[in-house]
Amino acid sequence: MMKIQKKSLTTILALGAMMSTPVFAQDVQTGLKDLESERFAKAEQTFTQLATSSPTADNQYYLGYYYLRTNQLDKAQAAFEKGAAADPKGQLNNVGLGAVALAKGDRAGAKAKIDQAISATKSKNADVLFRAGEAYTLNEKNNDPAEALRLLDMAAKLDKKGGGSADLKMAMGDAYFIKNDGGTAVSRYEDALLASPNLAEANYKIGRLYLRGKNYKLAQEFFNKAIEADPEFALTYRSLADALAGSRAYKGAASNMEKYVQKSGTTDPEYLTTVAKYYFLANDYLKATAYLDQLQGKVNDPVLDRMYGWAYTALGKNDQAVQALNKFITAAPQKVIYDDYKYLGRAYGQLGTPEADSLAIINLEKAAPEDTTENLYREIAKKYNDGKRYDKAFDYYTKAIGTGKPLNNDYLNMGLAAYNYGFRIGRDVMKEDTAGAKQMRKQWFLRADSAYAKLAEVTPNYSPAYYYRGTSNYYAYPSSESLSNRAFVPYLEKFTELAPQDITADASKAPQFNRLLLQSYSLLAADAVTRKDDAKAKDYATKMLAIDPNDKRAKEFLEGPKPAQAAPAATPATKPAPKTPAKKGSAK
């Protein structure tokens, strides 16, 4: 639909009063009000009935004017031709024919027709000059703001009170708007408000200028003024919706776009799609799909399948999401963006089958390099971790950190992936290559240690970081070598210092922290036995029994000094530590 410029009711009615043939003022008023509010079906009905019941030049002009404003150019031309034939001396229908020619791109024909109308009235008819100037502003692509201003200035000079009406000032503002002279356009709209303080259209158009300049706050202020002046001026709600969307206030954008649809009575698929879009962005997926459902069979646009796919993913309707997104990607590959693969990957990931998990990763990997907000590498890492593919999980947590916006939990989870994979070496990875297995085991546990070292750096009081540093250093080597190099000791000592404080601060943590404390005391006791520090070994064993009176390891330590002995193998950590260091924010 052609972008149309609305003129307020008062001037058009005044023009009608000056025409040679009287019109049905109340009916015209109703029709023009509907036209201003973009209730196009009602406006068409009114003007068609007027022209049918009384086919005067004036009524044909109003019908043609309606068709012109709604971009039905052939119908507009037919109506204006009937009007010109009904009153050969009247010139407004000839101006209308010139406006149609201009809208069709025939600039020379348009100028000839409009100039002929002006000449026939000897440049003395303000209405003809006004409509002639307006004609050069009506079309978004085919216009001439300089010629519009020349003719509007001529019309203004014929006003004995000076300056012309509010509607003439509005038309001048429109011409300056087309020229991208926003400051002067605002001045003309403000002049119109001085002449008609309750003119909603003026505040709307000032807001439109700020919206074009992406000054969303000021745009919203003027749109709200327009709504206060005339709550039925539907076009304002549409622009207010766009301004709110520009501010990422999608809930308000959806609400106002819906008001536009309701007040205008439009069934235009473009606007229904926009309502659905804003409801989707507002995370109201039920309303989004409800509007999409209204478009079924009316719009042949594969982008609707994209919107269905995204919404269904959010609603947990994963089978439908997969179907919709695959349909969209197949139908419009040139329109595919990384978000399409992101939502498709997430939908596959919720289906719960090995094949779907594989497809989830494939699609998330397509999206991840272009994503700048959600760090999809983290999602891929979690998928691999959930499938116990700890080596792949480690790789993708590394990529997640490499984006430059890591979370503290990324270091924790990267460390846990390496830690868990270390326990698999020699058990179900490299079972036959003992020397190679030992070296690989060492590498993975030291990778875990590096991740926990960074975690301890960014969250110094997060005690599990020290536990995992300690156990990583212990399990990186054969037990005899670990007890000899004692790299694990300072970290476990730090953990046993901090963990009791954590339990005191939050007793609910006791079961999980006590499990880690038992393992720490066990390894520290083994170190004490190796160093023949019986008192220290007994102290650690006593602390173990305080946690678990039946702990066999502690009882063995208390039997007396023994030669250096290996501590029992630990169970791999398959879950995050008792308290994740940070659920939100990035590590600094």
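Residues numbered from 1 in each chain as written. Predicted model: local features only at pLDDT ≥ 70, side-chain atom pairs only at ≥ 80, totals over all residues. Heavy atoms only, no water.

Trainee: Mind showing me how you'd approach the nonpolar core here?
Mentor: Membership of the largest hydrophobic core comes to 128 residues, with the highest contact counts inside it found for Tyr 419, Tyr 452, Leu 455 and Phe 495. One finds Leu 63, Leu 92, Leu 129 and Ala 192 within the second-largest nonpolar core, a separate group that totals 62 residues. (Core = buried A, V, L, I, M, F, W, Y, C linked by side-chain atoms within 4.5 Å. Buried < 20%, exposed > 50% of the residue type's maximum accessible area, 1.4 Å probe, protein only.)

Trainee: Before we go on, may I ask you to explain the pattern of salt bridges in this structure?
Mentor: Two side chains of opposite charge can pair, provided their charged atoms sit close to one another. Per the stated rule, a full pass over the model turns up 29 salt bridges. Measuring nitrogen to oxygen at the nearest pair gives 3.9 Å for the salt bridge that ties Glu 134 to Arg 69. Residue Glu 134 is found in helix α8 (residues 126-135), and its partner Arg 69 is found in helix α4 (residues 57-69); the two are separated by 65 residues along the sequence. Linking Asp 551 and Arg 553 is a salt bridge whose minimum nitrogen-to-oxygen distance equals 3.1 Å. Connected through salt bridges with shared partners, the residues Asp 339, Lys 342, Arg 346, Glu 374 and Glu 379 form a single ionic network. (Salt bridge = Lys/Arg side-chain N within 4 Å of Asp/Glu carboxyl O. Helix = DSSP H or I, 4+ residues; strand = E, 2+ residues; numbered from the N terminus.)

Trainee: Got a minute to help me understand empty space enclosed by the protein in this structure?
Mentor: Sizing a probe to match a water molecule and rolling it over the atoms shows the empty space that remains. All chains considered together, the criterion is met by five cavities of 30 Å³ or more. The calculated volume of the largest cavity comes to roughly 70 Å³. Every element with two or more residues in the lining of the largest cavity is listed here: α4, α6 (92-103) and α8. Here the lining of the largest cavity is built from residues that sort into nine nonpolar, one polar and two charged. (1 Å grid on protein atoms, 1.4 Å probe; cavity = no way out; pocket = protein on both sides within 12 Å on 5 of 7 lines; lining within 4 Å. Points joined across faces, edges and corners; volume = space filled by probe spheres on them. Nonpolar A, V, L, I, M, F, W, Y, C, P; charged D, E, K, R; others polar.)

Trainee: Explain helix α18 (residues 303-315) here, please?
Mentor: Every α-helical turn comprises 3.6 residues, leaving residues that sit three or four positions apart pointing alike. In this model, α18 (13 residues) spans 18 Å end to end at C-alpha, consistent with the 18 Å of a helix rising 1.5 Å per residue. Within α18, 11 of the 13 residues are buried, leaving the element largely enclosed by the surrounding structure. Listing the buried residues of α18 in full gives Val 303, Leu 304, Asp 305, Arg 306, Met 307, Tyr 308, Gly 309, Trp 310, Ala 311, Tyr 312 and Thr 313. If you follow the buried residues of α18, they end up packed against α16 (269-281), α17 (285-294), α19 (318-331) and α20 (338-349). A positive backbone phi angle near 80 degrees is found at Gly 316, which sits one or two residues after α18. (Expected span 1.5 Å × (residues − 1). Contact = heavy atoms within 4.5 Å.)

Trainee: Looking at this model, I keep getting lost on the packing of aromatic side chains. Mind explaining?
Mentor: To describe a pair of aromatic rings, you give the distance between the ring centres and the angle between the ring planes. Counted under the stated rule, the structure contains 34 aromatic pairs. With 5.2 Å between their ring centres and 80 degrees between their planes, Phe 394 and Trp 444 make a pair best called edge-to-face. Pair noted here: Phe 394 is in helix α23 (residues 390-402) and Trp 444 is in helix α25 (residues 434-458), with a separation of 50 residues, a long-range link. Every member of this aromatic cluster is reached through a ring pair, and the members are Tyr 419, Phe 423, Phe 445, Tyr 452, Tyr 467, Tyr 468, Tyr 474, Tyr 475, Phe 488, Phe 495 and Phe 513. Across the ring face of Tyr 260, the terminal group of Arg 238 is positioned such that the distance to the ring centre comes to 5.2 Å. Over the face of the ring belonging to Tyr 343 we find Arg 346, whose NZ or CZ atom lies 6.0 Å from the ring centre. (Phe/Tyr/Trp six-rings, centres within 6.5 Å; stacked < 30°, edge-to-face > 60°. Lys NZ or Arg CZ within 6 Å of the ring centre and 35° of its normal.)

Trainee: Mind showing me how you'd approach the packing of helix α7 (residues 107-120) against α8 here?
Mentor: Two numbers describe a pair of packed helices, the interaxial angle and the distance between the axes. Interaxial distance between α7 and α8 falls to 10 Å at its minimum, and their mutual angle equals 165 degrees. As summarised for this structure, α7 and α8 are arranged roughly antiparallel, according to the angle between their axes. Taken as a pair, α7 and α8 cross one another with a handedness that is left-handed. Between α7, through Ile 114, Ala 117 and Ile 118, and α8, the contact on the second element is made entirely by Val 128, Leu 129, Ala 132 and Ala 135. Here the residues of the contact of α7 with α8 are counted per class, giving seven nonpolar, no polar and no charged. (Axes fitted to C-alpha atoms, helices over the stretch in contact; angles between N-to-C directions. Parallel < 35°, antiparallel > 145°, perpendicular 65-115°, else oblique. Left-handed = near helix turned anticlockwise from the far one by under 90°.)

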